[in-house]
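# Structural description and commentary
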Amino acid sequence: MSARLRHLIVAYDVETISAQGRRRLRRIADLCCAHGVRVQRSVFECVLEVPQVIAFVDRLTREMDTKTDNLRVYHLGATMPRLEVHGRAVLTPRDPLVI
């Protein structure tokens, strides 16, 4: 993997009880489809350059409702894996992330 490319796993959980929630779900899913490959219903694998990663995560966080939705971005690669949690965090690991 090139030093400029980043491998990400993006997982999300969006509240879909309301019409606004269903709309957010479609927008977030469309963004993820445009940037990666769907491997499960709400899990995507993405390989992006660093500037694309920054813009992608920024767009995702602007689409979500941080009070009800949950977005996790797992940064994989040569260095220690890293987890970004946005929105409603159910659990944040205290130990090192091992994938």
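Look a little higher up for the structure.
Read on for a plain summary of the structure. (Residues numbered from 1 in each chain as written. Predicted model: local features only at pLDDT ≥ 70, side-chain atom pairs only at ≥ 80, totals over all residues. Heavy atoms only, no water.)

## Looking at the overall build of the protein
Check the secondary structure of the protein and you find two helices and five strands. Across the protein, every contact between residues at least 6 apart in sequence was considered, and the portion connecting residues at least 24 apart equals 50%. Total accessible area on the protein is roughly 6500 Å²; 54% of this is exposed by carbon and sulfur atoms. (Helix = DSSP H or I, 4+ residues; strand = E, 2+ residues; numbered from the N terminus. Contact = heavy atoms within 4.5 Å. Areas by Shrake-Rupley, 256 points an atom, 1.4 Å probe, with all protein chains shown as cover.)

## Some remarks on helix α1 (residues 19–35)
Here α1 contains 17 residues, and its C-alpha end-to-end distance of 25 Å stays within 8% of the 24 Å for a straight helix at 1.5 Å per residue. All of the buried residues along α1 are G21, R24, I28, A29, L31 and C32. Viewed end-on, α1 has its buried residues packed into an arc of 160 degrees, placing them on one side of the element. Turned more than 90 degrees away from the buried face of α1, the exposed residues are D30 and A34. The inward-facing, buried residues of α1 abut β1 (5–13), β2 (37–40), β3 (43–49) and α2 (50–63). (Expected span 1.5 Å × (residues − 1). Buried < 20%, exposed > 50% of the residue type's maximum accessible area, 1.4 Å probe, protein only. Arc of directions from axis to C-beta.)

## Some details on the packing of aromatic side chains
For the structure shown, the criterion picks out one aromatic pair. Here Y12 and F44 contribute two aromatic rings whose centre-to-centre distance is 6.2 Å and whose plane-to-plane angle is 20 degrees, an arrangement assigned as stacked. Of the two residues, Y12 sits in strand β1 while F44 sits in strand β3, which places them 32 residues apart along the sequence. Judged by relative accessible area, which is 7%, Y12 ranks as buried. (Phe/Tyr/Trp six-rings, centres within 6.5 Å; stacked < 30°, edge-to-face > 60°.)

## Description of the pattern of salt bridges
Counted by the stated rule, this structure contains five salt bridges. R24 is the salt-bridge partner of D69, the closest N and O atoms lying 2.7 Å from each other. Residue D69 is found in the loop between α2 and β4 (70–76), and its partner R24 is found in helix α1; the two are separated by 45 residues along the sequence. Each of the two residues, D69 as well as R24, counts as buried. Overlapping salt bridges bring together E15, R24 and D69 as one network. (Salt bridge = Lys/Arg side-chain N within 4 Å of Asp/Glu carboxyl O.)

## Side note on the nonpolar core
Formed by 18 residues in total, the largest nonpolar core has its most connected members in L8, V10, Y12, C32, F56 and L60. Listed by contribution, the elements that provide at least two residues to this core are β1, α1, β3, α2 and β4. Those residues in contact with C32 that sit more than four places away from it in its chain are V10, Y12, F44, F56 and L60. (Core = buried A, V, L, I, M, F, W, Y, C linked by side-chain atoms within 4.5 Å.)

## Focus on the pairing of β2
With three bridges connecting them, β2 and β3 associate as antiparallel partners. Each bridged residue has a counterpart across the sheet, and for R38 the counterpart in β3 is F44. Linking β2 to β3, which pair antiparallel, is a turn of two residues. (Pairing = 2+ DSSP bridges.)

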